[in-house]
Amino acid sequence: MVVYYQLAGKQVGSHVLAMGVLGALFGGTYLATRGSGAQKQSITPPIQASSQDEETFIQDFLKSVNGEQKKADH
């Protein structure tokens, strides 16, 4: 047995209202939790080196350490 409600001049069944509410609930939850399409960039503090050679050494060291961590993670 279906109860009909008068909405905007039309009769709408209770089962249609229930499906609309559930669809909006699950659709909204999906859209809110799917995440953004942008890739997250790793934020590193600025390198304050006294010379260009020191800055190059630090950058190379960080690249080698990050490369080893990625290998260990797999």
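Going by the annotation in an unreviewed UniProt entry, the name recorded for the protein is ATP synthase subunit K, mitochondrial, with Aspergillus ochraceoroseus given as the source organism. As recorded by UniProt, the Subcellular location (unreviewed entry) comment attached to the protein reads in full: "Mitochondrion membrane".

Draft legend 1. Representation of the overall build of the protein. Of regular secondary structure, the protein possesses two helices and two strands. The secondary structure elements of the protein, listed N-terminal to C-terminal, are β-β-α-α. Classification of the 74 residues of the protein by burial places 3% in the buried group. Total accessible area on the protein is roughly 7100 Å²; 59% of this is exposed by carbon and sulfur atoms.

Draft legend 2. Quick peek at the pairing of strand β2 (residues 10-13). Sheet topology note: the strand β1 (residues 4-7)/β2 ladder contains four bridges and is antiparallel. Pairing of Gln6 across the sheet is with Gln11, part of β2. Between the end of β1 and the start of β2, which pair antiparallel, lie two residues, with Ala8 showing a positive phi angle near 55 degrees.

Draft legend 3. Fine view of a nonpolar patch on the surface. On the surface, a cluster of nonpolar side chains totalling about 330 Å² of accessible area is made up of Val3, Tyr5, Leu7 and Leu17. Mapped onto the elements, Leu17 comes out in helix α1 (residues 14-33).

Draft legend 4. Structural detail: the UniProt feature "transmembrane region" (unreviewed entry) in the protein. This chain's UniProt record puts "transmembrane region" (unreviewed entry) on residues 12-32. As annotated, residues 12-32 has a helix share of 90% and a strand share of 10%, and its two end C-alpha atoms lie 28 Å apart.

Draft legend 5. Structural detail: the confidence of the model for the protein. In this model, the protein carries an average pLDDT of 87, and 88% of its residues clear a pLDDT of 70 or more. Confidence, expressed as mean pLDDT per element, reaches its minimum in the protein at helix α2 (residues 52-73) with 84 and its maximum at α1 with 96.

Cut-offs and rules
- Residues numbered from 1 in each chain as written.
- Predicted model: local features only at pLDDT ≥ 70, side-chain atom pairs only at ≥ 80, totals over all residues.
- Heavy atoms only, no water.
- UniProt positions renumbered as here; feature names shortened; annotations may be inferred.
- Helix = DSSP H or I, 4+ residues; strand = E, 2+ residues; numbered from the N terminus.
- Buried < 20%, exposed > 50% of the residue type's maximum accessible area, 1.4 Å probe, protein only.
- Areas by Shrake-Rupley, 256 points an atom, 1.4 Å probe, with all protein chains shown as cover.
- Pairing = 2+ DSSP bridges.
- Patch = residues over 30% accessible without salt bridge, like charges linked within 9 Å, V, L, I, M, F, W, Y side chains within 5 Å.
- Salt bridge = Lys/Arg side-chain N within 4 Å of Asp/Glu carboxyl O.
- pLDDT = per-residue confidence, 0-100.

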